[in-house]
Amino acid sequence: MKKDMSRRGILGILIGAAAIPARAGEPAASPQPAPDAPLPAAPALPPAASDGLDISLTLNGEPIAARVDPDQSALSLIRDRGLRGSKEGCGHGACGACAVEVAGSCVAACLLPATTLHRMTVRTVEGISPPAGPLHPVQRAFLAEDALQCGYCTPGFIVESTVFYERWRAENGAENGAADPGDEAVAAALAGHICRCGAYTAILRAVRAACRGEHEQEGQTAQTARVEGREKVTGQARYTADIALPLQLEGRVLRSPVASGRLLRLDLEPARKIPGVQAAISLMAGSKIRYHGQEIAAVAATSARIAEEALRAIRLEIAEAPAVSSMEQALAPGAALLYEEDRGAAPNANEGPLMGAPWAGNRRGPFRTDALLKPGAARKILAEMAAGAGSAGAKVEGTFETQMQSHSAMEPHGCVASFETDRLVVYLSTQDISGSARDIAERFGLKEEQVQVKALHIGGGFGSKAILAPEVFAAVGLAQAAGRPVRVVLSRREELQVGGYRSGSRVEVALAAKPDGDPAALSVKAHSLSGVAVGALVGAIFRVMYPYAEKSIEDNDVLTHAAPGKPFRAPGGPPAFFALEQAMDMLALTRNEDPLALRRRWDPSPIRQELYAMVAADPRWKDRRAGPDTGRFRRGIGLASGGWIVFTQADAQLQLESRPDGRLIASAPVQDMGNGTRTTIYEAIRQYMDLPDGALEVRIGETMPINGLMSAGSRTTSSLLPAAEDACAQLMEELRDRVAADQRLAGAAATRAGIAYEGGVIPWIDAVRAAPKTVVLGRRRPDQGGYVVPVGYDGIRIGVGISGAVQLTEVEVDTRLGKIRPLHVWAGYGVGRVLSPALAANQARGGVLQSLGYALYEERVADPRRGLLMSHNLEDYRVPGIGDTPTIDVHFLPGHFDHVRGGAVGIGELVTTPGAASLANAVHHATGWRPMQLPIRPDRLLAGLSALPVLPAGSRP
């Protein structure tokens, strides 16, 4: 049985494999060789044609002939035939998004030369089930378990899981389906696949359930949790990279090969003279180079190969200058300045407004975020304790450092631009179609109504796609110059280079308690690294926790020669909580107090108080050791709390239309990047109005002449849910009035079930059919509890209250190899009403896994001398895989947000806040060593352990 999609041995296996006939939707009929059996000789290739090689193969059961270039990939050949389910996620066989089945084995099509498909049988995700027919058991299992989020990686998982399922069932008796492969075997089979959204727990459940035979019949599968699920498990969902318009050109961007310097010469004429090149434009504003990968020029050509040739032909001359790559270099006397007189050009690392702050060289700040928190009192308390004066309370302090974490969404940033008569149509991987349309219109001198932005499906974003990026300027500018549609999609190298990352940080924290242990003071001085961007505001997050302590908070940005940082799930949150929640543990241990007990006394949040009570009753916490473990493998459990601000989009709107054919159509200019926006709208309406299956259609992903909202700040659900309910209420009243008047109903009233009257109830579906077409526009009305601030930025309001999180993480530490293995996570959240429990739990587990990756593996690394990016693929940049997934138990508290319209607040940010601190506290509990720097690499762990005092055998500190 194949255990992994090899990234190096796969070519040799496939080039030597013989063709095995198969029909679409069925496993290969011929027996497969044993894994160690000698492979048959490769079939001979036909003679080479003058412009390529002619090959023949069976693709999804159909014989085809194709002429291919010797260097063309199998993925390119497959996608060029309209089979867009297989994706290019990385281009080097590390992510599995391109997976297809060849001769009974699952392979990485991005690595495989197209010539090796000669006389082979190939099955893609589109060949696993008929387009409109019954789904394969694996596909049904994925739908039932919600084993997907954004869906970009899903086709690859489906193909590999199907190959595994068919072999497992054949080897273990498909007649009863009782054999369960278990998590370990499934994880080994899917080890070559990455789901950046982190849906691994559900994927494991789905594949195991399919192998047990629980989804053999169509009727066995429960209703799918996700509205667009079928499109994603069958490979029919279309992303920006999948768009292929008539006469479409391929765009490529010329990027700076240095991190610092000045552009002396840019000559595009040699590129324009290459046959097939249709346009070449400059993307520079000025001549200063500030980061490796900075956009300099762009070309559009009839093929990707020609576009890349054109980039090489451009005459480019840059005078390289010294680069500052670290905080120490940036703040050193005489350091090269990133910005001199043009400080307003610094991008914003956050999606909110950029507040003013003083500048001093490469430092922007200090920016104080401690208004109304008595910073002077906090500093006085801490100074007196440092001098040995005043009360005899307890005090701890430390400096915590965190790295830059790349978003690395599976779908890279991309844009397709097309000028059509009097309008510009832009297909864009974005978290804000409405805002993008406004910004594009302003930049290119168009009226807003002339720009339509479409984002039908988005393969993840996590904040990196919230702000308009240079690939849009390149695609639109090239389309304007060429007079033809142009597609610009970043490679994985470019994605890691300029696609965005969470800001790095250095946070100095001092925390003090009174003699009785009650809160005294908290001091925070944060310095954030966002490359050429500013506005990270890590320190500001400390406002949301432990309000009874006097607080002094200072934020600083430090500029370096790196691409701009971008908002990443809970911007500023994970680094802030990594520092704060470890400081809380340090303070508790200094006082010889249970860390849970200290938090229960310091924290007035009713949400977290309920969660603390649940933790107190958990045997893992209740029975934990008092000190570090012993031996090579040491286990520990750590606790951390989290919270997030309640944001809403006060002007959000949703259109609801009823048609006499019995359909209701809900439309909004919003997008779904895997967070479940379609399902949120669907569930909100179905829970308000009793409608039969198939009666409601949700349309999103295109700009409309009504207010939309950005998918950021965990405000999507809290904004759309009330707008949907308002639209339902309006429509129900209109239908009641019309049907009651037409049918002369006495005492007619609108209820969830339908129009109630003296003679019974008319279901809503019948009322819809009995009335003419009706269109209403719902809007988000103000919260009953009001807002923290009555006015906001761009329609955004801050709601009353803070959402709450508490996380327990259990780890095993290998003290010989320095490896940390998360074993179990218990996570509790208070976010009010949960519309779709399956989707909410899935998103929560994904956030937990991203926070564990942040704590253990992920680190954007640059050359400290020249500022050049070194972690430029998904093997150098390590994200969690399915084998890294611990058991994750998620619990949601009901209530607490009844004052919020709709009763629900967002979870996307909250679930990432306590994870890194929880794991770090667990490592300390296991070993006695305190992690002060992320990621907790093996070398750092081993160095920390070696520095601990050697204790007598059997003793504990």
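Per chain, the residues get numbers from 1 upward, laid out in the order the sequence is written. Confidence filtering applies because this is a predicted model: local features only for residues at pLDDT of at least 70, side-chain atom pairs given and counted only at 80 or more, and all residues used for totals across whole chains, interfaces and linings. Derived side-chain values reflect all non-hydrogen atoms in the structure, with water molecules and hydrogen atoms excluded from consideration.

Some words on the overall build of the chain
Filter applied, for reference: Under the scheme used here, helices are H or I runs from DSSP no shorter than 4 residues and strands are E runs no shorter than 2 residues, and both carry numbers assigned from the N terminus. Using C-alpha atoms as the atom set, the radius of gyration is obtained and then compared with a globule rule of 2.2 Å times the number of residues to the power 0.38. In this scheme, a residue with accessible area under 20% of its type's maximum is buried, one over 50% is exposed, and one in between is partly exposed, where area comes from a 1.4 Å probe on protein chains only. Contact definition: two residues touch when any of their heavy atoms are within 4.5 Å. Only the protein chains shown count as cover for residues, and all accessible areas are computed by the Shrake-Rupley method using a 1.4 Å probe.
Scanning the chain from terminus to terminus reveals 24 helices and 35 strands. Computed over the C-alpha atoms, the radius of gyration of the chain is 29 Å, within 12% of the 30 Å expected from 2.2 N^0.38 for a compact globule of 957 residues. C-alpha atoms of the chain, sized along the principal axes, occupy 90 × 80 × 65 Å. Counting every position in the chain, which comprises 957 residues, the buried fraction comes to 60%. When contacts within the chain are restricted to residue pairs at least 6 apart in sequence, long-range pairs at least 24 apart make up 77% of them. Surface exposure of the chain reaches about 35300 Å², of which carbon and sulfur atoms provide 52%.

Some remarks on the packing of helix H15 (residues 573-590) against helix H16 (residues 595-602)
The line we're drawing: Every axis in this analysis is a line fitted to C-alpha atoms, fitted for helices over the stretch in contact. Angles between the N-to-C directions lie between 0 and 180 degrees. These descriptions rest on fixed angle ranges, namely under 35 degrees for roughly parallel, over 145 for roughly antiparallel, 65 to 115 for roughly perpendicular, and the rest for oblique. Crossing handedness follows the turn of the near helix against the far one: under a right angle anticlockwise gives a left-handed crossing, and clockwise gives a right-handed one. By the convention adopted, Pro, Cys, Tyr, Trp, Phe, Met, Ile, Leu, Val and Ala count as nonpolar, Lys, Arg, Asp and Glu as charged, and the other residues, Gly among them, as polar.
In contact at an axis separation of 9 Å, H15 and H16 are set at 110° when each is read in the N-to-C sense. The angle between H15 and H16 falls in the class roughly perpendicular. By crossing handedness, the relation of H15 to H16 is classed as right-handed. Across the interface between the two elements, Glu581, Met584, Asp585, Leu587 and Ala588 from H15 touch Pro595, Leu598, Arg599 and Trp602 from H16. Its residues assigned to classes, the contact of H15 with H16 comprises 6 nonpolar, no polar and 3 charged.

Quick word on a nonpolar patch on the surface
As a reminder of what qualifies: By definition, no residue in a patch forms a salt bridge, and every one has over 30% relative accessible area; like charges are joined within 9 Å, nonpolar side chains (Val, Leu, Ile, Met, Phe, Trp, Tyr) within 5 Å. Between Lys or Arg on one side and Asp or Glu on the other, a salt bridge is scored when a side-chain nitrogen of the former is within 4 Å of a carboxyl oxygen of the latter.
Taken together, Val788, Val789, Ile798 and Val800 make up a surface patch of nonpolar side chains, about 280 Å² in accessible area. Take Val800: it is sitting in strand E33 (residues 796-814). Under the relative-accessibility criterion, Val800 is labelled partly exposed at 33%.

Some points on the side chain of Thr679
Condition: N or O atoms within 3.5 Å of each other form a polar contact, as long as, within protein, one can give a hydrogen and the other can take it, and as long as residues adjacent in sequence are counted only when both atoms are side-chain atoms.
With respect to the helices, strands and loops of the structure, Thr679 is situated in helix H19 (residues 677-688). Under the relative-accessibility criterion, Thr679 is labelled buried at 1%. One polar contact links the side chain of Thr679 to the main-chain amide nitrogen of Val227, over a distance of 3.1 Å. Setting aside residues up to four positions removed in sequence, Thr679 forms contacts with Ala225, Arg226, Val227, Glu228, Ser836 and Leu839.

So, the nonpolar core
For clarity, the cut-off: Definition used in this section: a nonpolar core is a set of buried Ala, Val, Leu, Ile, Met, Phe, Trp, Tyr and Cys residues joined via side-chain atoms within 4.5 Å.
Phe542, Trp602 and Tyr829 are the most contacted members of the largest nonpolar core, which has 82 residues in total. Looking at this core, the element that brings in the most residues is H15, giving 10 residues. Sequence-distant contacts of Tyr829, that is, excluding residues within four places in its chain, are made with Leu611, Gly804, Ala805, Gln807, Ala844, Val848, Val890, His891, Phe892, Leu893, Leu910 and Val911. Among the nonpolar cores identified, the runner-up in size contains 58 residues, and Phe142, Cys150, Ala187 and Val207 belong to it.

Here we look at the packing of aromatic side chains
Both the distance between ring centres and the angle between the ring planes are used here to describe each pair of aromatic rings. Quick reminder of the rule: What counts as a ring pair is set by centres within 6.5 Å for rings of Phe, Tyr and Trp (its six-membered ring), and what kind of pair is set by the plane angle: stacked under 30 degrees, edge-to-face over 60, tilted for all other angles. Cation placement over rings: the criterion is NZ of Lys or CZ of Arg within 6 Å of the ring centroid and within 35° of the ring normal.
Using the criterion set out here, one finds 8 aromatic pairs in the structure. For the ring pair Phe164 and Trp168, a centre distance of 5.9 Å and an interplane angle of 25° mean the geometry is stacked. Of the two residues, Phe164 and Trp168 are both situated in helix H4 (residues 154-172); the distance of 4 residues between them amounts to about one turn of the helix. Relative to Trp359, the ring of Tyr339 lies with its centre 6.1 Å away and its plane at 75°, an arrangement referred to as edge-to-face. Taken as a pair, Tyr339 in the loop between helix H10 (327-331) and strand E13 (359-360) and Trp359 in strand E13 lie far apart in primary sequence, 20 residues in all. Above the ring of Phe473, the side-chain terminus of Arg443 is found at 3.6 Å from the ring centroid. Across from the ring centre of Tyr857, 4.0 Å away, lies the NZ or CZ of Arg878, which sits over that ring.

Brief notes about the environment of Ala279
Structurally, Ala279 is set in strand E9 (residues 277-282). We classify Ala279 as buried; its relative accessible area is 6%. Ala279 sits 28 residues away from Gly251 along the chain, and the two C-alpha atoms are 9.0 Å apart. Other than its neighbours up to four places away in sequence, Ala279 contacts Ala298, Val299, Ala300, Leu478, Ala481 and Ala482.

Notes on the sheet that holds strand E25 (residues 633-649)
Neighbouring strands of a sheet are bound in pairs by backbone hydrogen bonds; such pairs are parallel or else antiparallel. Note the following rule: Strands pair, by our definition, only if DSSP identifies at least two bridges between them.
Here 4 strands make up an open sheet; going across it, the order is E25-E33-E34-E35 and the pairing mixed. Each having just a single partner strand, E25 and strand E35 (887-893) make up the two edges of the open sheet. The sheet shows a mean angle of 20° between the axes of neighbouring strands, direction not considered. Strand direction decides the pairing type here: E25 and E33, joined by 16 bridges, are antiparallel.

Brief notes about the sheet that holds strand E29 (residues 749-750)
Read from one edge to the other, the open sheet built from 3 strands follows the order E29-E30-E31, with strand pairing classed as antiparallel. Looking at strand neighbours, the two that pair on one side only are E29 and strand E31 (760-763), the edges of this open sheet. Pairing analysis gives 2 bridges linking E29 to strand E30 (residues 754-757), with the strands arranged antiparallel. Residue pairing for E30: Ala749 is matched across the bridge by Ala756.

Some remarks on the side chain of Arg84
Formally: Only four residue types enter the tally: Lys and Arg on the positive side, Asp and Glu on the negative side; His and the chain ends are excluded.
Here Arg84 is to be found in the loop between helix H2 (74-80) and strand E4 (99-102). At 5.1 Å, Asp242 is the nearest oppositely charged side chain to Arg84, a buried residue that forms no salt bridge. If we skip the residues at most four places from it in the chain, Arg84 touches Arg79, Glu126, Gly235, Arg238, Ala241, Asp242, Ile243 and Ala244.

Description of helix H3 (residues 137-145)
The buried fraction of H3 amounts to 7 of the 9 residues, a majority that puts the element mostly inside the structure. Those residues of H3 that are buried lie in contact with H4, helix H6 (200-211) and helix H7 (229-233). Among the residues trailing H3, Asp146 stands out with phi positive, at a value near 55°.

Re unusual backbone geometry
Most peptide bonds adopt trans geometry, and most residues besides glycine take a negative phi value. Residue Pro366 is reached from Gly365 by a cis peptide bond, and omega for that bond is 5°. Turning to its location among the elements, Pro366 is positioned in strand E14 (residues 363-368). That bond from Leu934 to Pro935 is cis: its omega, -5°, falls within 30 degrees of zero. If you trace the backbone, Pro935 turns up in the loop between helix H23 (915-927) and helix H24 (938-946).

Some points on the pattern of salt bridges
All told, the structure shown has 61 salt bridges when counted by the stated rule. Here Arg265 makes a salt bridge to Asp267, at a shortest N to O gap of 3.7 Å. Here Arg736 makes a salt bridge to Asp737, at a shortest N to O gap of 3.0 Å. Note on Arg736: relative accessible area 23%, which makes it partly exposed. Judged by relative accessible area, Asp737 falls into the partly exposed class, the value being 45%.

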